[in-house]
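Given next are the chains, with one letter for each unit.
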Amino acid sequence: MNFSLINWLAVIVAGLSAFAVGGLWYSRSIFGNAWMADAKLTEEEIKKGNMGKIFGLTAVFSLIMAVNLGMFLADAKTTAAWGAEAGFLAGIWTFCAIATAALFEQKSWRYIFINGG
């Protein structure tokens, strides 16, 4: 693995953008209310969570995922098109992993598509 081929700026932007998009995705104006209902969480339960830990670890995990994808794409022949395709394919893998866990948890398809999306 040649780490000098990793586009570290792209990794940071991807990691932070995944964190930001997640914030919008789960906002009340988009899927937040539906997700809370299907996750069987109340506003009070959400507020009891350790938000520093939750958001901090979410940001770290987003960066780890971006580094991981960057490592797969660390090739001098990598193009933007291949990067987009690899990201899409990684998204399918991730969706399937989320769906598998949610099916065993007996969650609804709406919940699966919100989390997998």
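Up top is the structure.
Rules behind the numbers
- Residues numbered from 1 in each chain as written.
- Predicted model: local features only at pLDDT ≥ 70, side-chain atom pairs only at ≥ 80, totals over all residues.
- Heavy atoms only, no water.
- Salt bridge = Lys/Arg side-chain N within 4 Å of Asp/Glu carboxyl O.
- Helix = DSSP H or I, 4+ residues; strand = E, 2+ residues; numbered from the N terminus.
- Buried < 20%, exposed > 50% of the residue type's maximum accessible area, 1.4 Å probe, protein only.
- Axes fitted to C-alpha atoms, helices over the stretch in contact; angles between N-to-C directions.
- Parallel < 35°, antiparallel > 145°, perpendicular 65-115°, else oblique.
- Left-handed = near helix turned anticlockwise from the far one by under 90°.
- Contact = heavy atoms within 4.5 Å.
- Nonpolar A, V, L, I, M, F, W, Y, C, P; charged D, E, K, R; others polar.

Novice: How do you make sense of the pattern of salt bridges when you look at a structure like this?
Specialist: A side chain with one charge can pair with a side chain of the opposite charge if their charged atoms come near. This structure, assessed with the given rule, holds two salt bridges. Close ionic contact of E43 with R28 constitutes a salt bridge, the shortest N to O distance being 2.0 Å. Placement of E43 in helix α3 (residues 43-48) and of R28 in the loop between α1 (8-25) and α2 (32-39) is noted, with a sequence separation of 15 residues between them. Exposure remark for E43: the relative accessible area of 27% places this residue in the partly exposed category. Looking at R28, the relative accessible area reads 45%, which means it is partly exposed.

Novice: How should I be thinking about unusual backbone geometry in this particular structure?
Specialist: Excluding glycine, most residues fall at negative phi; most peptide bonds, likewise, are trans. The phi dihedral of K40 falls on the positive side, at around 60 degrees, and the residue is not glycine. A residue is classified by how much of its surface remains accessible, and K40, at 67% relative accessible area, is exposed.

Novice: What's the story with the packing of α1 against helix α4 (residues 51-72) in this structure? I'm lost.
Specialist: Here α1 crosses α4 at 140 degrees, and the two axes come no closer than 8 Å. Looking at the two axes, α1 sits oblique to α4. Handedness of the α1/α4 crossing: right-handed. In contact with W8, V11, I12, A14, G15, L16, A18 and F19 of α1, α4 contributes F55, T58, A59, S62, L63, A66, V67 and G70. When grouped by side-chain class, the residues that make up the contact of α1 with α4 number twelve nonpolar, four polar and no charged.

Novice: Please explain the environment of G22 as it appears in this structure.
Specialist: Tracing the backbone shows G22 in helix α1. C-alpha separation for the pair G22 and A97, spaced 75 residues apart in sequence, amounts to 17 Å.

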